[in-house]
Amino acid sequence: MANKRKIINDPVFGFISIPNEFIYDVLQHPYVQRLNRIRQLGLSYVVYPGAQHSRFLHSIGAMHLMSDAIASLRQKGIEISQAEADGAMVAILLHDLGHAPFSHVMEHTLIEGITHEEVSLLMMEAINREMNGALDTAIAIFRNKYPKHFLHQLISSQFDMDRMDYLCRDSFFTGVTEGSVASARLIKMLNVVDDHLVIEAKGIYSVEKFLIARRLMYQPSTK
């Protein structure tokens, strides 16, 4: 029997533990392992030779941040069951399943009229059938059909774990500092009010830096 208690040494966030056997089994699915062969930044490595990182590594990082976010919210009295925590972590782990080779570069080239998020959902549903409905909660959270809507906001919003990881990761691998954000502090500032994800007032300056980092990482080159 394989040892399902794995630790991954991530160059951005350090040692990341795979939380449990369920998430380990999802991680080992061929659809997920395929992301090892998908470049996170498409053809950017032509300009930034260090930008060789994969969608798989990004997904692992986003899952790690989700785990930290759930722990932080629980400390503040927000009720999140283990099934909900697993669902949110699996949803963020699988959010990029539908990316084509070279990621966004080929988004509408191989299949017209469909986004990678829609393809991701189709692939998640296929995995769910193979695992006898084990991903029902994850899919509901991913589709924003789960009663606790703040869990979906952790996956897809203007301030989610996806964006938080790729800013740090893309900045690290391209060798620029513009995308560096204080992810640990931002996560500690998270809270939930009326089923909406919010940031505590004392985290305002960290949020401002986060928004500026997003702007700078998207800024077109003038050269």
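Computed from a predicted structure; not experimentally measured.

(A) Focus on the side chain of His 152. With respect to the secondary-structure elements, His 152 resides in helix 7 (residues 149-153). On the accessibility criterion, His 152 (15% relative accessible area) is buried. A polar side-chain atom of His 152 sits 3.2 Å from the main-chain carbonyl oxygen of Phe 142. Leaving out residues up to four positions away in the same chain, His 152 has contacts with Ile 141, Phe 142, Arg 143 and Asn 144.

(B) Here's a closer look at unusual backbone geometry. Located in the positive-phi region is Asn 132, a residue other than glycine, with phi close to 55°. Note that Asn 132 resides in the loop between helix 5 (116-130) and helix 6 (136-142). Here Asn 132 falls in the exposed class, since its relative accessible area comes to 74%. Backbone geometry places Asn 144, a non-glycine residue, at a positive phi of 60°. Turning to its location among the elements, Asn 144 is positioned in the loop between helix 6 and helix 7. On the basis of relative accessible area, Asn 144 is assigned to the partly exposed category, the value being 32%.

(C) Highlighting the nonpolar core. Core analysis: the biggest nonpolar cluster contains 61 residues, and Met 66, Leu 73, Leu 94, Leu 154 and Met 161 have the highest contact counts within it. The element that contributes the greatest number of residues to this core is helix 3 (residues 55-75), accounting for nine residues. With sequence-adjacent residues up to four places away left out, Met 66 is seen in contact with Ala 88, Met 89, Ile 92, Leu 154, Ile 155 and Met 161.

(D) Region of interest: the packing of aromatic side chains. Taken as a whole and judged by the stated rule, the model has two aromatic pairs. Their ring planes at 70° and their centres at 4.9 Å tell us that Phe 159 and Phe 210 sit as a pair that is edge-to-face. Residue Phe 159 is located in the loop between helix 7 and helix 8 (161-174), and its partner Phe 210 is located in helix 10 (residues 204-218); the two are separated by 51 residues in the primary sequence. The same class applies to Phe 159 as to Phe 210, namely buried. The interplanar angle of 80° and the centroid separation of 5.1 Å between the aromatic rings of Phe 172 and Phe 173 together place this pair among those described as edge-to-face. When the ring centre of Tyr 45 is taken as origin, the NZ or CZ atom of Arg 39, which lies over that ring, is 3.9 Å away.

Criteria and cut-off values
Residues numbered from 1 in each chain as written. Predicted model: local features only at pLDDT ≥ 70, side-chain atom pairs only at ≥ 80, totals over all residues. Heavy atoms only, no water. Helix = DSSP H or I, 4+ residues; strand = E, 2+ residues; numbered from the N terminus. Buried < 20%, exposed > 50% of the residue type's maximum accessible area, 1.4 Å probe, protein only. Polar contact = N/O pair within 3.5 Å; in protein donor to acceptor, adjacent residues only side chain to side chain. Contact = heavy atoms within 4.5 Å. Core = buried A, V, L, I, M, F, W, Y, C linked by side-chain atoms within 4.5 Å. Phe/Tyr/Trp six-rings, centres within 6.5 Å; stacked < 30°, edge-to-face > 60°. Lys NZ or Arg CZ within 6 Å of the ring centre and 35° of its normal.

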